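Each chain, letter by letter, is given below.
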Amino acid sequence: MANSRRRKPRRKNTDTNAPVKSTWLQMRDEARATRQRKRKQPYMFDGTTPPTPVHEPDTVWQVLTLAALLDGQDMPAGRIRELFEALCGDGFEAVWAVVKDEPAEVLWPLFDAINTHFNALPDPAQAGELPGG
């Protein structure tokens, strides 16, 4: 009988120093990649020089704030600034510096222009078509 030796299985190179990506970081990175593919062009607020980009409300804070404020009840007047901040996101400070001292009548057309650009907020007339409407 020939001298047959069994070969030991090759070990995979397991570098114990290589960092393992946490589940949270995987979820975050996948969401960020999806966001980049799906994100619409920003609304360009032309009241500043250069125009201020207002990005689609898509952060956790923006979505939850908008949902809480637009839950089908009347908007408390004291929370309109919070609604505007959630809608504008990172562009809020620049836009707010321009609009804060203007007549109040300018705010709703601006809300409408941003909403129309993103088609973000449901039209109150279409409430019956929405889940729970």
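Right above here is the structure, for reference.
Residues numbered from 1 in each chain as written. Predicted model: local features only at pLDDT ≥ 70, side-chain atom pairs only at ≥ 80, totals over all residues. Heavy atoms only, no water.

Counted by the stated rule, this structure contains five salt bridges. Arg 35 is the partner of Asp 58 in a salt bridge, and the nearest nitrogen-oxygen pair spans 2.8 Å. With Asp 58 in the loop between strand E2 (52-54) and helix H2 (60-69) and Arg 35 in helix H1 (residues 23-38), this pair connects stretches of sequence that are 23 residues apart. Note on Asp 58: relative accessible area 27%, which makes it partly exposed. Given a relative accessible area of 27%, Arg 35 falls into the partly exposed group. Across the pair Asp 58 and Arg 39 runs a salt bridge, and its minimum N-O distance is 3.2 Å. Highlighted residues: Asp 58 in the loop between E2 and H2 and Arg 39 in the loop between H1 and strand E1 (43-45), separated in sequence by 19 residues. (Salt bridge = Lys/Arg side-chain N within 4 Å of Asp/Glu carboxyl O. Helix = DSSP H or I, 4+ residues; strand = E, 2+ residues; numbered from the N terminus. Buried < 20%, exposed > 50% of the residue type's maximum accessible area, 1.4 Å probe, protein only.)

This brings us to unusual backbone geometry. For the bond from Thr 49 to Pro 50, the omega torsion is -5°, close enough to zero to count as cis. Checked against the element boundaries, Pro 50 lands in the loop between E1 and E2.

This next bit is on the nonpolar core. In terms of nonpolar packing, the biggest core is built from 19 residues, with Phe 84, Val 95, Leu 110 and Ile 114 touching the most fellow members. Counting residues per element, this core draws most heavily on helix H3 (residues 80-88), at six residues. Those residues within four positions of Leu 110 in sequence are excluded, and the remaining contacts are Tyr 43, Phe 45, Phe 84, Val 95 and Val 99. (Core = buried A, V, L, I, M, F, W, Y, C linked by side-chain atoms within 4.5 Å. Contact = heavy atoms within 4.5 Å.)

A separate point is helix H4 (residues 92-99). Phe 92, Val 95 and Val 99 are the residues of H4 that are buried. Along the long axis of H4, the arc covered by the buried residues comes to 75°, so they all point the same way. Of the exposed residues in H4, those oriented more than 90 degrees away from the buried face are Glu 93 and Ala 97. Of the surrounding elements, those touching the buried residues of H4 are E1, E2, H3 and helix H5 (107-118). (Arc of directions from axis to C-beta.)

Moving on, we get to the packing of aromatic side chains. One pass over the structure, following the stated rule, counts five aromatic pairs. Geometrically, the ring pair formed by Phe 84 and Phe 92 is edge-to-face, given 6.0 Å between the ring centres and 70° between the ring planes. For Phe 84, a relative accessible area of 0% puts it in the buried group. On the accessibility criterion, Phe 92 (2% relative accessible area) is buried. With a centroid separation of 5.5 Å and an interplanar angle of 20°, the aromatic rings of Phe 92 and Trp 96 are classed as stacked. With a gap of four residues between them, Phe 92 and Trp 96 both fall in helix H4, about one helical turn apart. Residue Trp 96 is classed as partly exposed on the basis of its relative accessible area of 22%. A cation over an aromatic ring shows up here: Arg 81 above the ring of Trp 96, its NZ or CZ 4.8 Å from the ring centre. (Phe/Tyr/Trp six-rings, centres within 6.5 Å; stacked < 30°, edge-to-face > 60°. Lys NZ or Arg CZ within 6 Å of the ring centre and 35° of its normal.)

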